[in-house]
Amino acid sequence: MTPNEGTSAAQDLISAFERLTAEFAAEIASLSSEQDMRAVQARYLGKKGKATELMKGLGRLAPADRPAVGESANRARAAIEQAVQSRLHDLAGADLAADLERKIDVTLPGRGRRAGTLHPLTRVRLEIEQIFHGMGFEVRTGPWIETEWNNFDALNTPADHPARDMQDTFYVEGGFILRSHTSPVQIRTMLAGPPPVKIIAPGNVFRRDDDATHTPMFPQCEGLHVDRNVSFEDLKATLIAFVQRFFGPDTQIRLRPSFFPFTEPSAEVDASCFLCEGKQPARSTCRLCKGTGWLEIGGSGMVHPNVLAAVGYDKYDVTGFAFGMGLSRMAMLKYGVSDLRLFYENDLRFLRQFPTS
Ligand code: DAH
């Protein structure tokens, strides 16, 4: 090998490094992300990259020629990194220019994000839970698919009671039913432990009903308080405290004698109309109470001794009261909703009228 040959081989390598730099610059000129540029850079400078390939030629050079080639390799490396930096710089400049070019009217109103609201039936349920919780009631729930025993037998409802009719109750496979009221949660709670028991049980119930004033599924809330010396007076005081918190501090109640298999005595519960307050002349045209001055809100009574016995409680030792109310009815009364079906159509124009505070 003559010195000349060596020199020209070195020269070739030096030119190759220069071409590499130019080639790289051309390749990244069309790229706009740093990630893409770095990927290309790796193909040039990485372990198996083009520069590394060229460096293999170094060993064949005369030792005297090597420093110059090594230097050109370093220059190529630096130039490639420099090309990336300068391309990134140009791109950032272009972005900034584009931002500045765009005309933004900061005086336009913002595009607000509308928050969701709670469904009125959910609001009513939460409010009822809160009121009873404040009076020492625990919230319990039970399954929608129930045994006939929990839903009827244990509640002292005879086998030939009309509510058990296939026309009224949904029967499902395996001898089960869809619960027709929340009262079976009374049974489940008492079976689960000894007295005292002080619970409310909100939840959906099912009946074979579907018209303007009935939906096949609707929410109820049950109440049960069993202990020594629980009296009818306690029932009345509890209901008064509840309606006064729910409808307003001047609300009164009226108990009308009634019948339920699971309570004795039993009473229908009416709350005084909070809209006309039962006073004439407003009362005569009141759309809420329809001129009666009273709003029906549910049923109630003293737990029948047969129910206490069915769950193994000592009917001579403890007494209890129970009540049940329809949550859709409570929501209709409270918010002045005239058609039950509005609760289930999920029309946003309706639902948005119940802002979540
Ligand atoms: N379960 C009854 C119904 O669905 C409502 C009811 C009435 C529940 C009286 C009670 C009660 O706990 O004592 O119509």
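Treat the numbers as computed from the prediction; the structure is a model and nothing was measured. (Residues numbered from 1 in each chain as written. Predicted model: local features only at pLDDT ≥ 70, side-chain atom pairs only at ≥ 80, totals over all residues. Heavy atoms only, no water.)

1. What about empty space enclosed by the protein?
Inference 1: Under the counting rule described, the total for this entry stands at one cavity of 30 Å³ or more.
Inference 2: In this model, the largest cavity occupies a volume close to 40 Å³.
Inference 3: In this structure, the largest cavity is lined by Leu239, Val269, Ile297, Gly298, Gly299, Phe323, Gly324 and Met325.
Inference 4: Put simply, the parts of the chain that give the lining of the largest cavity at least two residues each are strand S9 (294-303) and strand S10 (319-326).
Inference 5: Tallied by class, the residues present in the lining of the largest cavity amount to five nonpolar, three polar and no charged. (1 Å grid on protein atoms, 1.4 Å probe; cavity = no way out; pocket = protein on both sides within 12 Å on 5 of 7 lines; lining within 4 Å. Points joined across faces, edges and corners; volume = space filled by probe spheres on them. Helix = DSSP H or I, 4+ residues; strand = E, 2+ residues; numbered from the N terminus. Nonpolar A, V, L, I, M, F, W, Y, C, P; charged D, E, K, R; others polar.)

2. Looking at the sheet that holds S10
Inference 1: Spatially, seven strands are ordered S1-S5-S6-S10-S9-S8-S7 in an open sheet, and the strand pairing comes out mixed. Two strands lie at the open edges of the sheet, namely strand S1 (138-139) and strand S7 (253-260), each paired on one side alone. (Pairing = 2+ DSSP bridges.)

3. Re the nonpolar core
Inference 1: Core analysis: the largest hydrophobic core is formed by 41 residues, its most contacted members being Ile128, Phe132, Phe242 and Met330.
Inference 2: Those elements giving two or more residues to this core turn out to be helix H5 (120-133), helix H8 (232-246), strand S8 (263-272), S9, S10, helix H10 (327-335) and helix H12 (348-351).
Inference 3: Those residues in contact with Ile128 that sit more than four places away from it in its chain are Ile200, Cys221, Phe242, Phe246, Met325, Leu327 and Met330.
Inference 4: Membership of the second largest hydrophobic core comes to 22 residues, among which are Ile14, Ile28, Met37 and Leu91. (Core = buried A, V, L, I, M, F, W, Y, C linked by side-chain atoms within 4.5 Å. Buried < 20%, exposed > 50% of the residue type's maximum accessible area, 1.4 Å probe, protein only. Contact = heavy atoms within 4.5 Å.)

4. Points about the packing of H5 against H10
Inference 1: Viewed as axis vectors pointing N to C, H5 and H10 meet at an angle of 100°, and their least axial separation amounts to 9 Å. Looking at the two axes, H5 sits roughly perpendicular to H10. Along its contact with H5, which presents Pro120, Leu121, Arg123, Val124, Arg125, Glu127 and Ile128, the element H10 presents Leu327, Ser328, Met330, Ala331, Lys334 and Tyr335.
Inference 2: Split by residue class, the contact of H5 with H10 holds eight nonpolar, one polar and four charged. (Axes fitted to C-alpha atoms, helices over the stretch in contact; angles between N-to-C directions. Parallel < 35°, antiparallel > 145°, perpendicular 65-115°, else oblique.)

5. Let's talk about the site of the ligand
Inference 1: Close to the ligand lie 15 residues, the nearest being His181, Ser183, Arg207, Gln220 and Glu222.
Inference 2: Within the complex, the protein chains bury 89% of what would otherwise be the 360 Å² of accessible surface of the ligand.
Inference 3: Put simply, the parts of the chain that give the shell around the ligand at least two residues each are strand S6 (217-227), S9 and S10.
Inference 4: Partitioning the shell around the ligand into residue classes produces four nonpolar, nine polar and two charged. (Near = heavy atom within 4 Å. Areas by Shrake-Rupley, 256 points an atom, 1.4 Å probe, with all protein chains shown as cover.)

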